[in-house]
Amino acid sequence: MHVIKIAEDRSLRWVEVPDPVIKDDEILIDVRAAALNRADLLQRAGHYPPPPGWPDWMGLEVAGTVSKAPADSRWQVGDKVCALLGGGGYAEQVAVPADMVLPIPEGLSFVEAAAIPEAFATSHLNLCIEGGLQSGDTAFIQAGASGLGVAAIQLAKAIGAKVVTTVGSDDKAALVNRLGADVVINHRKENVAEVLARHPVNVAMDCVAGPDLGSYLETVAAGCRWIVIATLGGSTSDINMNSFFRRGIKLIGSTLRSRTTQMKAEILADLEKQYWQAFSSRQIQLLIHKALPITQAEQAHAILERNENLGKVVLTIE
Ligand SMILES: NC(=O)c1ccc[n+]([C@@H]2O[C@H](COP(=O)([O-])OP(=O)(O)OC[C@H]3O[C@@H](n4cnc5c(N)ncnc54)[C@H](OP(=O)(O)O)[C@@H]3O)[C@@H](O)[C@H]2O)c1
């Protein structure tokens, strides 16, 4: 089969590798679409290796057709599925533990379905499991127009939370408004901490962190759960620990990729139970910025590098 490999000079090459062999608890998927994630850029730069047991090429989520499955499995050859991966999605085929796989919600394309697993599992893990978000709470979501942000805004609204979010341009602001965000902050024009002070946050999913984090924590509601999931804005910040401990703030670090297969399976099962109908009815939207053939993976990465995308960028395989 062919996969996108990272060459020594960090360019991306469509090369031939041996076909995957499935283990007892795995199924084989013929990949039709593989969605991009920011983590792919980190992996390409050599900073985010895949967990043990996964291929060394990129790709955290795919959609496609089952081509091999154990006899006692939920899955049969020909089923249309999407899957959460530890890596290896930029490929013609991928072997996946059966409980990392979900059916494609009725009526969705392969491209749309590939955009579900990573963003919605990350949103559910952080907003619901780590953050305990409840109806009536205020949720703060950084980078609201990112692939992850568009998922998180919609989950938070489905739960009944008020959503405060950041974006870097007017067209991104218009998009997150359409998705139901209540307060939209353009971080290039406005002072984020000043706006947050008017909307005390109960749960934050923060992929920016950096030097401004300390000033944001000064504005939050008592007992706030502030979950850092990346450090796009930088890795250090001064925090006033006095006001932090007195108000009972919980500062949490979280990655989906490092969770156990069992926990990921539980998250995926929750998603299927709670939201599959909402995907089929388009009550929750999959926002695809662009779909490109997998041989154009370089161009696809460049879209993310330029922070251009509104929603997800997806690679397709004919
Ligand atoms: N820990 C986890 O388990 C986990 C899982 C999934 C994703 N993530 C993280 O979540 C983030 C979003 O992922 P994604 O795949 O959805 O990314 P994406 O679609 O590439 O979007 C990232 C967006 O972040 C904003 N941004 C970039 N640099 C920034 C900076 N210095 N300060 C403020 N905003 C900045 C830009 O939007 P604007 O133009 O609007 O500023 C950019 O378009 C990434 O950092 C990713 O690593 C973490």
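Procedures and definitions
Residues numbered from 1 in each chain as written. Predicted model: local features only at pLDDT ≥ 70, side-chain atom pairs only at ≥ 80, totals over all residues. Heavy atoms only, no water. Domains from an automatic or database assignment. Contact = heavy atoms within 4.5 Å. Buried area = accessible area lost by both parts, 1.4 Å probe. Salt bridge = Lys/Arg side-chain N within 4 Å of Asp/Glu carboxyl O. Near = heavy atom within 4 Å. Polar contact = N/O pair within 3.5 Å; in protein donor to acceptor, adjacent residues only side chain to side chain. Areas by Shrake-Rupley, 256 points an atom, 1.4 Å probe, with all protein chains shown as cover. Helix = DSSP H or I, 4+ residues; strand = E, 2+ residues; numbered from the N terminus. Nonpolar A, V, L, I, M, F, W, Y, C, P; charged D, E, K, R; others polar. Core = buried A, V, L, I, M, F, W, Y, C linked by side-chain atoms within 4.5 Å. Buried < 20%, exposed > 50% of the residue type's maximum accessible area, 1.4 Å probe, protein only. Pairing = 2+ DSSP bridges. Axes fitted to C-alpha atoms, helices over the stretch in contact; angles between N-to-C directions.

**Q** Let's hear about the domain arrangement of the chain: which residues, and what values?
**A** Accessible area lost when the parts come together is the quantity often used to give the size of an interface. What the domain assignment lists for the chain is domain 1 (2-116 + 257-316) and domain 2 (120-253). With 24 residues of domain 1 at the interface, the matching set in domain 2 holds 19 residues. At the boundary of domain 1 with domain 2, total buried surface from both sides reaches about 1700 Å², with 67% on carbon and sulfur atoms. Linking domain 1 to domain 2 there are one salt bridge.

**Q** Give a description of the site of the ligand that names residues and reports values.
**A** By nearness alone, 25 residues border the ligand, and Leu148, Gly168, Lys172, His187 and Leu256 come closest of all. Here a nitrogen atom of the ligand sits 2.9 Å away from a polar atom, N or O, in the main chain of Ser254. Asn309 places a polar side-chain atom, nitrogen or oxygen, 2.8 Å from an oxygen atom of the ligand. Relative to its unbound accessible surface of 920 Å², the ligand loses 89% to contact with the protein. When contributions to the shell around the ligand are tallied by element, the ones reaching two or more residues are helix 3 (117-130) and helix 4 (147-159). Considering only residue class, the shell around the ligand consists of ten nonpolar, eleven polar and four charged.

**Q** Go over the nonpolar core, please, and point to the residues and values.
**A** One finds Phe120 and Phe279 to be the most contacted residues of the largest nonpolar core, which totals 83 residues. Per element, the largest residue contribution to this core is eight residues, and it comes from helix 9 (residues 261-280). Taken domain by domain, the makeup of this core includes at least three residues from each of domain 1 (2-116 + 257-316) and domain 2 (120-253). Core analysis: the next-biggest nonpolar cluster, separate from the first, contains 20 residues, Ile185, Tyr216, Val220 and Phe244 among them.

**Q** Let's hear about the sheet that holds strand 8 (residues 138-141): which residues, and what values?
**A** Hydrogen bonds between backbone atoms are what pair the strands of a sheet, whose relative direction is either parallel or antiparallel. With parallel pairing, six strands are arranged side by side in an open sheet as 10-9-8-11-12-13. The open sheet has two edge strands, strand 10 (183-186) and strand 13 (250-253), and neither has a second partner. Taking each pair of neighbouring strands and ignoring which way they run, the sheet shows an average axis angle of 15°.

**Q** Go over the side chain of His301, please, and point to the residues and values.
**A** One can find His301 in helix 10 (residues 297-305). Not counting the four nearest positions on each side in its chain, His301 is found in contact with Leu12, Leu36, Asp40, Leu41, Arg44, Met58 and Tyr90.

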